[in-house]
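Structural characterization, general
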Amino acid sequence: MARTGDAAAPRGTRRGAARELLLAAAARRFYADGVAATGIDTITAEAGVAKMSLYNNFSSKADLVRSYLDARHEEWLGLYRKRLEGVGDDPRGGVLAVFDAYADHAALAYEHGFRGCGLLNAAAELPAGDEGRNIVRRHKEEVESLLAGHLARLLSDRPQEAPAAAEHLAFLLEGATARAGLEGTGDRLGHARRMAAELLERW
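Residues numbered from 1 in each chain as written. Predicted model: local features only at pLDDT ≥ 70, side-chain atom pairs only at ≥ 80, totals over all residues. Heavy atoms only, no water.

Time to look at the nonpolar core. Membership of the largest hydrophobic core comes to 58 residues, with the highest contact counts inside it found for Leu 69, Phe 99, Leu 151 and Leu 169. The set of elements that each furnish at least two residues to this core consists of helix 1 (11-33), helix 2 (40-47), helix 4 (61-85), helix 5 (91-106), helix 6 (118-125), helix 7 (131-154), helix 8 (162-183) and helix 9 (187-202). Counting residues per element, this core draws most heavily on helix 8, at nine residues. (Core = buried A, V, L, I, M, F, W, Y, C linked by side-chain atoms within 4.5 Å. Buried < 20%, exposed > 50% of the residue type's maximum accessible area, 1.4 Å probe, protein only. Helix = DSSP H or I, 4+ residues; strand = E, 2+ residues; numbered from the N terminus.)

Here we come to the side chain of Thr 177. With respect to the helices and strands, the residue Thr 177 is situated in helix 8. Exposure remark for Thr 177: the relative accessible area of 4% places this residue in the buried category. Within polar-contact distance, the side chain of Thr 177 engages the backbone oxygen of Leu 173 at 2.8 Å. The residues contacting Thr 177, other than those within four sequence positions of it, are Tyr 102, Phe 114, Gly 116, Cys 117 and Leu 189. (Polar contact = N/O pair within 3.5 Å; in protein donor to acceptor, adjacent residues only side chain to side chain. Contact = heavy atoms within 4.5 Å.)

This paragraph deals with the environment of Gly 78. Looking at the element boundaries, Gly 78 is found in helix 4. Judged by its relative accessible area of 36%, Gly 78 is partly exposed. Placed 23 residues apart in sequence, Gly 78 and Ala 101 show a C-alpha to C-alpha distance of 8.6 Å.

We now examine helix 6. For helix 6, the full list of buried residues reads Gly 118, Leu 119, Ala 122 and Ala 123. Looking straight down helix 6, one finds that the buried residues subtend no more than 135° of arc, so they occupy a single side. (Arc of directions from axis to C-beta.)

Right, let's get into the UniProt feature "DNA-binding region" (unreviewed entry) in the chain. Mapped onto the present numbering, the UniProt feature "DNA-binding region" (unreviewed entry) falls at residues 39-58. Taken end to end, residues 39-58 is 75% helix and 0% strand, and its two terminal C-alpha atoms sit 14 Å from one another. (UniProt positions renumbered as here; feature names shortened; annotations may be inferred.)

It is at 11 Å that the axes of helix 5 and helix 8 come closest, and there the two elements cross at 15°. Between helix 5 and helix 8, the crossing angle belongs to the class labelled roughly parallel. Crossing handedness for the pair helix 5 and helix 8: right-handed. In this structure, helix 5 uses Val 95, Val 98, Phe 99 and Tyr 102 to contact helix 8, whose residues at the interface are Leu 169, Leu 172, Leu 173, Glu 174 and Thr 177. Class assignment of the residues belonging to the contact of helix 5 with helix 8 gives a composition of seven nonpolar, one polar and one charged. (Axes fitted to C-alpha atoms, helices over the stretch in contact; angles between N-to-C directions. Parallel < 35°, antiparallel > 145°, perpendicular 65-115°, else oblique. Left-handed = near helix turned anticlockwise from the far one by under 90°. Nonpolar A, V, L, I, M, F, W, Y, C, P; charged D, E, K, R; others polar.)

Okay, here's the thing in structure tokens:
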């Protein structure tokens, strides 16, 4: 008799579970070791699935990389939305929620410590024109757009200043993330948040 959750499980359920295992393994290895240095065999071994399971779920390693980048984007959005729940209708709080979400991402348990933005790390390894780089670009553009949306409400009497202010804060955030990655700790992100809060008080 088939065991519950084993052979009796629908094929789609088993495939979905394998996909999640593979994405989780890819996330750990891509972040810790880099995209180019991580082979399919390493990912399937860490995921505990057969190599065929990878090709049943992803058309290629490039497809897996793109799925990994999409998953990191969604992971960050989830952290941002959770932070946003606690600030109500306060546009300053909305801006700082973006910074807090980056700090939350840095605080996640990483096998070899924080190494900076996983999206940018991956993009640096991909060739110009690669769709993975486009995914990363769209993520960064969305982050800046979120900042601009909050700033437009904060600067409601001069909304034309919001895009430049958002770019300013986005550069502050990216610079802090790069330094934090080099230092292996999220402390710089805390510093950047305090700088952002000071700027918001002036605006």
